[in-house]
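Results of the structural survey
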Amino acid sequence: MTADPTAPGPPAVELRGITKTFPGVVANHDVDLEVRAGEVHAVCGENGAGKSTLMKILYGMQRPDSGTIAVRGEQVKFRSPADAIKSGIGMVHQHFMLADNLTVLENVVLGLPGRFDPAAARTRIGELSARYGLGVDPDRLVEQLGVGERQRIEILKVLYRGARVIILDEPTAVLVPQEVDELFGNLAGLRAEGLTVLFISHKLDEVIRVADRITVLRQGTTVTTVEAGSVTTAQLAHLMVGGDLPTPETRESTVRDEVTLGVRDLSVRSDAGRDLLSGVGLSIRAGEVVGIAGVEGNGQAELVEALLGTRPIATGAVTLAGEDITAWPTSRRREAGIGYIPEDRQRQGLLLTQPLWENRILGHQTRPPSSRGVFISRRGARKDTERIVAEFGVKTPGVDVPAFALSGGNQQKLVVGRELSGSPKLLVAAHPTRGVDVGAQALIWDKLRDARAAGLAVLLVSADLEELLGLSDTLKVMLRGRIVATLDPATVTPAELGEYMTGVATQEATP
Amino acid sequence: MTAVIERPAAPPVRAPWRDRVRRAAIWAALVFVTLAVVRQVTGANALTSAGTVNDAIGLAVPIGLAALGGLFSERAGVVNIGLEGMMIFGTWFAGWAGYQWGPWAAVLGGIAGGALFGLVHALATVTFGVDHIISGVAINIIAVGATRYLSSRFFLGREDGGVNQSPSVPLIGRVGVPGAGGPLGTLEGKHWFLVSDLAGLLRGLFTDVSLLTILAVLLVPAAFWLLWRTGFGLRLRSVGESPVAAESLGVPVYTMKYAGVVISGALAGLGGAFLVTVYDGKFLENQTGGRGFIGLAAMIFGNWRPGGLAAGSALFGYTDSLRLREGSAAVHALLLFAAILLAILAIRAGVTRRWIPAGALAVAAVGFGVVFAVTDQVPAVLTPLVPYAVTLVVLALAAKRLRMPAADGLRYRKGETG
Ligand SMILES: Nc1ncnc2c1ncn2[C@@H]1O[C@H](COP(=O)(O)OP(=O)(O)OP(=O)(O)O)[C@@H](O)[C@H]1O
Ligand SMILES: [Mg+2]
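This one's a predicted model, so the numbers in the text were calculated from it and none came from an experiment.

Taken together, 21 residues form the shell around ligand 1, and within it S52, T53, A405, S407 and G409 of chain A come nearest. Nearby residues place ligand 1 at the junction of chains A and B. A distance of 2.8 Å separates an oxygen atom of ligand 1 from a polar atom in the backbone of G48 of chain A. Contact distances for ligand 1 include 2.6 Å between an oxygen atom and a side-chain N or O atom of T53 of chain A. Of all the secondary-structure elements, those providing two or more residues to the shell around ligand 1 are β2 (25-35), α1 (51-58) and α14 (408-419) of chain A. No other element matches α1 of chain A, which puts three residues into the shell around ligand 1. Considered class by class, the residues forming the shell around ligand 1 number seven nonpolar, 10 polar and four charged.

As structure tokens, this is what we get:
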């Protein structure tokens, strides 16, 4: 299966001496990367190590300050992604590159040369979707899709273009294990067809499983390239961070008696009257973490939105610390102590063009330290942003840089830090460690445990089973808008969990 | 773990194209029947007379052209409050070209003049990142002063020309379905319910119509086709929705924005040329009379879609035509029309259980109804105002959920975000 290293022919991609600086940051410094034709090549490194920047340079989105790029042995100069696409390079970005108000089909065929022929495109999307098990409906508006589905559309976009070199920047961060398996099955198939895959992930076991070779970046430079078969996850972590792998272990239970969140008979209907959430009952006590497992699209997003008050509910009641908040608007709920880590940090959690300290204020407009009476407190917000940056290890030249200048993982840390500020009573966390490196993941898990010990109630929606099993006190499985199983994370195995998630195994619904 | 992943399928939400056309047809019929009823009740025969209809089209066209201009610009993500200014330049260049080389040259001149200042707006907003509103307002201000200056340079001293008008421009020819006018006119004169109304409508639509009007009306489906059925249109809309996503697929974002704004200017300029070559037969100062702004409003209430903006423009044109032809009596009847229309909308909202909009619509309907019932005619000072008020209220309340392009009005810099 492994690509023959002595195979004739030039490398599929060769980057030499790439350097790229942003104001105050050296993102890439003299980076070398050689990717052989027909291999799966992984790139690993801490948050902010420069992985995405390097990939964007290869894709023509960013122009390097110096260095050369060769594709199949030929020197190229990409002025825009259009040039890279012409050279047969396709990229799935770390953050979704989708237009919300266009249909899936429109997003997929956008930018292709030639006549716009929706009928032909629909057929082709149907074929690819069936062949790679993507389950994509071409005529839906992207706006209505969750992160998992968006991720699959991104992958479809690249497949549709018939790219020979595919760059995948953290494609698995929001996919559940079954979906990840599917994707990797597809990758193996693509490689068999002679395609080259460049792949970024923070899930090291995954990296070792699918990659042929791994290049490690640290602080913008190449550390080394190793054969995937010759390293363990621990060694890989060591190369990246110089640290050890974390394990999410629940310490002694901190669950108290008082109920923080009570949800009774909660139903949500779509505009068309379909049940998205039916009769969900749930209670989370202070100091308790309730994990929600499930394949995306089975009602998790609706549950979260209903709790936040951003989606109208059909029936049911929600209480927070004994008070009925069903009719409260979102702002009041947030002021009452609900923190929220959204599944898509860029779309729902940040103002990308605004400085970090302004982003700190979001959702806390009326509370100290970011406000004083009716006024925004610049000083308070800036100081508290500096605290978050230090406490959560957000890599940034300062709190005045716009949010887009942070790497994906560092944006995530900022959001997590913000939502844990001001001692919330309840934290609604969707994929809280999405896209952060192993070190930062351990840090966030620790922070969550500390907050839990102090009485925080957490609703944890995650695709990462390890995270769910390690952090939760109680585990619920959602399928088709219902809670279909309540499990004890101490005894359940990932395989069992997977069966409940896909509906193979069932349990009497317990509210 | 090779279990099949269950992915709940959801039905597509956007109604198919055919459905939307059918719905539009039903609404048009409903509005028409309402008008017929109101005419019968109030005896204001002008409501559906051929003259009113004919004028209404003429008045709607420049507004609609400005609105189409706004559509192209805003779909590409550039707010274009400078439509009025581009239209003014359109009128001037139409006058300048028209008096020398005839009416069709005037049309080309208007298009070119508008496009030129569309280019200026694109340069300012896309290349230099100037705030869209500021650039647009600047264009509007410059347009007034610049055309006056240009007139004094080019028109002063010529026959009929002056600092505030151009020499005469021949009008564009008008056509009609031969032989249709007579019988329809007779029928219309009978004032039979619905039958005479239909005759009036048809006579207004098919006799004595300017060639440029026909062209302009055809531009609405053409715009729809271009924006929603071609690759060019998809690329143009994509930069208004998510320029980063477009960029990442190799769409030349700046070029598409330029294209949208220049087309926008050209359409606004064409609207200006229409005023010159169909109405006044010359360039006049203040000829546009705020139609650029009204066009922008029609586009917004038309939900950034060609069909919607055409409906909005038609409503503006119609109410204005009534006012101009018949004055306060017809305008008074308009109040009843608005009341009934709003009541229908209220019922629709009520049926779908959207209580708040239903309530707002009902209140507005009752309001118009009461004013109609307790007054005999609209005071002369308010007559010019009522058509706009009626149009705005109806449009604002009829529009269910307005959705502007997601990246409309935002500055975009290559390689910054994402
Ligand atoms: N557009 C930009 N403007 C300014 N600085 C930037 C920009 N993009 C990236 N950077 C900086 O460059 C560095 C590398 O970022 P990059 O996104 O490549 O990291 P990464 O390795 O992909 O991290 P992650 O794992 O968190 O995604 C970061 O310190 C980031 O702050
Ligand atoms: Mg990255």
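Our focus in this paragraph is the sheet that holds strand β19 (residues 426-430) of chain A. All names here are of chain A. If you trace the six strands from one edge of the open sheet to the other, you get β16-β19-β20-β13-β21-β22, paired in mixed fashion. In this open sheet, the two edge strands, each paired with only one partner strand, are β16 (338-341) and β22 (482-487). Averaged over all neighbouring strand pairs, the angle between strand axes comes to 20 degrees, with direction disregarded. The sheet contact formed by β19 and strand β20 (residues 457-461) spans five bridges and is parallel. Within the sheet, the bridge partner assigned to L427 lies in β20 and is V458. Strands β16 and β19 of the sheet are contacted by α14, whose axis makes an angle of about 170 degrees with β16.

In this section: the interface of chain A and chain B. In many analyses, interface size is given as the accessible surface area lost on bringing the parts together. Each partner contributes residues to the interface: chain A has 50 residues there, and chain B has 36 residues. The contact between chain A and chain B buries some 3,800 Å² in all, and 60% of this surface belongs to carbon and sulfur atoms. In this structure, the connection of chain A to chain B is made through two salt bridges. Between E143 of chain A and R403 of chain B there is a salt bridge, and its shortest N-O distance comes to 2.8 Å. The interface formed by chain A and chain B holds four residue pairs in polar contact (both at pLDDT 80 or more) in total. The set of elements that each furnish at least two residues to the side of chain A that touches chain B consists of α2 (81-86), α3 (104-109), α5 (147-160), α6 (177-192) and α17 (494-501) of chain A. At four residues, α6 of chain A tops the list of elements feeding residues into the side of chain A that touches chain B. Residue composition of the side of chain A that touches chain B, grouped by class: 20 nonpolar, 15 polar and 15 charged.

Residue and element names in this part refer to chain A. The protein atoms that coordinate the magnesium ion (ligand 2) are S52 (OG) and Q94 (OE1), at distances spanning 1.9 to 2.1 Å. With S52 in helix α1 and Q94 in the loop between β6 (89-92) and α3, this residue pair connects regions lying 42 residues apart in the sequence. Q94 shares its class with S52; the two are buried.

It is worth spelling out the packing of aromatic side chains at this point. Tallied over the full model, the rule gives 12 aromatic pairs over all chains. Between W92 of chain B and F93 of chain B, the ring centres sit 5.2 Å apart and the planes meet at 85 degrees, which makes this aromatic pair edge-to-face. Plain terms: the ring middles of W96 of chain B and W101 of chain B are 5.6 Å apart, the flat faces sit at 85 degrees to each other, and that makes the pair edge-to-face. Put simply, the rings of W92, F93, W96, Y99, W101, F154, F155 and F283 of chain B touch in pairs and so form one group of aromatic residues. The residue whose ring lies beneath K447 of chain A is F392 of chain A, and the NZ or CZ to ring-centre distance is 5.2 Å. Looking at R305 of chain B, its charged tip hangs above the ring of W228 of chain B, at a distance of 4.8 Å from the centre.

Analysis parameters
Residues numbered from 1 in each chain as written. Chains lettered and ligands numbered in written order. Predicted model: local features only at pLDDT ≥ 70, side-chain atom pairs only at ≥ 80, totals over all residues. Heavy atoms only, no water. Near = heavy atom within 4 Å. Polar contact = N/O pair within 3.5 Å; in protein donor to acceptor, adjacent residues only side chain to side chain. Helix = DSSP H or I, 4+ residues; strand = E, 2+ residues; numbered from the N terminus. Nonpolar A, V, L, I, M, F, W, Y, C, P; charged D, E, K, R; others polar. Pairing = 2+ DSSP bridges. Axes fitted to C-alpha atoms, helices over the stretch in contact; angles between N-to-C directions. Contact = heavy atoms within 4.5 Å. Buried area = accessible area lost by both parts, 1.4 Å probe. Salt bridge = Lys/Arg side-chain N within 4 Å of Asp/Glu carboxyl O. Donors = N, O, S within 2.8 Å, 3.2 Å for Na, K, Ca; no water. Buried < 20%, exposed > 50% of the residue type's maximum accessible area, 1.4 Å probe, protein only. Phe/Tyr/Trp six-rings, centres within 6.5 Å; stacked < 30°, edge-to-face > 60°. Lys NZ or Arg CZ within 6 Å of the ring centre and 35° of its normal.

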